[in-house]
Amino acid sequence: MIFAGVDPGSRTYEFAFVDEMGRIIKFFSVPTELVSKASSTLVKAISDLRPNGVALPSGHGLPFKRISEITNRDIFLMTLKDPDIDGPLRNFIISAKLLHNAFTVPGVIELKSVDENKKINLIDMGTADKVASAFFYRTMYDSFVLVEVGSSFSSFLVVIDGKVVDGLGGSIMPGVNSAGFLDGEVAYLLCKYSKINKDTIYTRGNWARGLKLLQILSEWYSAQYKIPIIISGNKKWEVPFGIKHNFKFKESSVGSAYIANALFGGIFRNYVNFLESAGTPIDYVRLKGWEEIISLIKTL
């Protein structure tokens, strides 16, 4: 039996294949800038290995929807972008409709183990690939703080007794490049006199500030629950705290393959309750005017 997982990184898409015992049998990466045009070739590379299950790159996440059921609205919810405009995630998902037993993965916002009060007015508590990284380490630890530092984004997840209980994602936490939290007054002025787009929130970050906040949050949880801090991601060696494991692969890609393994009866099936989820990434926003956004999405 073979199970596949995909990590949709900002610089590379990484593909991992494991067997029923969780052993890695193949791993490769492709620059993200090439994925939009090469998505059909990449899907064929997955299909050629005839995997029993494939965990798809899922952006902001959707709870275990089969590829054959994915609509334009679902693509919007995963990308929060126009579903008709080319992009690596959008193009890969469309090409992947040829795969058998391929499915989406939830983000933190959709996990039932996270208290709903923590979700109010948030979307990005940790994207689906962050859930996959946490699942990877769940196979080694029952409880831990996971700080993931990628090329652009940083995130923070807390796992207690085998369940994710909290998290903050890459559009909230300042990353190596991403801006992170956005002052409401700045947002107001940009909307009134200019505009906010993806570049606004995904560039010009204050990494020194983000790193300090990640350390404060993770050390508080670590002390409160007496749990280790794990650092993951391709920039983890730049973080001056926490435990760092030296792998030749990205934890999130192998974690995605582990999720497929768990869902289709492999050795990690006993961890499947880690992934109990429902809803969509936009279900918990309560801000005035959000009704107009919901109405727009319903037209997709």
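To keep things clear, this report deals only with the structure shown in the data block. Quantities reported herein were computed from a predicted structural model and do not represent experimental measurements. (Residues numbered from 1 in each chain as written. Predicted model: local features only at pLDDT ≥ 70, side-chain atom pairs only at ≥ 80, totals over all residues. Heavy atoms only, no water.)

### Comments concerning the overall build of the protein
Point 1. When you go through the protein residue by residue, the secondary structure sums to nine helices and nine strands.
Point 2. The C-alpha atoms of the protein give a radius of gyration of 18 Å, which matches the 19 Å a tight globule of 300 residues would have.
Point 3. Once the C-alpha set of the protein is aligned to its principal axes, its extents read approximately 55 × 45 × 30 Å.
Point 4. Taking contacts inside the protein between residues at least 6 apart in sequence as the whole, the part at least 24 apart equals 65%.
Point 5. Working note: accessible area of the protein is about 14000 Å², and carbon and sulfur atoms make up 52% of it.
Point 6. Of the side-chain charges in the protein, 34 are positive and 30 negative, and the distance between the mean point of each set is 2 Å. (Helix = DSSP H or I, 4+ residues; strand = E, 2+ residues; numbered from the N terminus. Rg over C-alpha atoms; globule rule 2.2 N^0.38 Å. Contact = heavy atoms within 4.5 Å. Areas by Shrake-Rupley, 256 points an atom, 1.4 Å probe, with all protein chains shown as cover. Lys, Arg positive; Asp, Glu negative; His and termini not counted. Charge placed at Lys NZ, Arg CZ, Asp CG, Glu CD.)

### Details of the sheet that holds strand β9 (residues 229–232)
Point 1. With mixed pairing, the four strands of this open sheet are ordered in space as β8-β7-β6-β9. Whereas interior strands pair on both sides, the edge strands pair on one side only; in this sheet they are β8 (163–168) and β9. Taken over all neighbouring pairs, the strand axes of this sheet differ in orientation by 20 degrees on average, direction set aside.
Point 2. Here strand β6 (residues 144–149) runs beside β9; their pairing, made up of four bridges, is parallel. Each bridged residue has a counterpart across the sheet, and for E148 the counterpart in β9 is S232.
Point 3. Contacts between helix α4 (residues 128–138) and the sheet are confined to β6, β7 (154–160) and β9, with β6 contributing the most and set at about 135 degrees to the helix. (Pairing = 2+ DSSP bridges. Axes fitted to C-alpha atoms, helices over the stretch in contact; angles between N-to-C directions.)

### Points about the side chain of S252
Point 1. Relative to the helices and strands, S252 is located in helix α8 (residues 251–263).
Point 2. Residue classification places S252 among the buried residues on the basis of a relative accessible area of 2%.
Point 3. When sequence neighbours within four positions are dropped, the list of residues in contact with S252 reads D7, D129, A132, S133 and E148. (Buried < 20%, exposed > 50% of the residue type's maximum accessible area, 1.4 Å probe, protein only.)

### Looking at the packing of aromatic side chains
Point 1. Under the counting rule described, the total for this entry stands at 22 aromatic pairs.
Point 2. For the pair F136 and Y137, a centre-to-centre distance of 5.0 Å together with 90 degrees between the ring planes defines the contact as edge-to-face.
Point 3. Ring pairing ties together the aromatic residues F27, F136, Y137, Y141, F144, F247, F249, Y258, F268 and Y271, which thus form one cluster. (Phe/Tyr/Trp six-rings, centres within 6.5 Å; stacked < 30°, edge-to-face > 60°.)

### Thoughts on the pairing of strand β1 (residues 2–8)
Point 1. The element β1 is extensively covered by neighbouring structure, given that six of its seven residues are classed as buried.
Point 2. Both β1 and strand β2 (residues 12–19) contribute to a ladder of seven bridges, which runs antiparallel. Across the sheet, D7 pairs through a bridge with E14, a residue of β2.
Point 3. What sits between β1 and β2 in their antiparallel hairpin is a turn of three residues.
Point 4. Two elements, β1 and strand β4 (residues 53–55), share three bridges in a ladder whose sense is parallel. By the bridge assignment, A4 is partnered in β4 with V54.

### Topic: helix α1 (residues 32–47)
Point 1. The end-to-end C-alpha separation of α1 is 20 Å, well short of the 22 Å expected for 16 residues at 1.5 Å each.
Point 2. A38 marks the point of greatest bend in α1, at about 85 degrees.
Point 3. If you check which residues of α1 are buried, you get T32, V35, S39, L42, V43 and I46.
Point 4. Taken together, the buried residues of α1 touch β1, β2, β3 (24–31), β4 and α3 (88–95). (Expected span 1.5 Å × (residues − 1). Bend = angle between axes of the 7 residues up to and from the residue.)

So, to be careful, I would describe these as geometric facts and stop short of saying anything about function.
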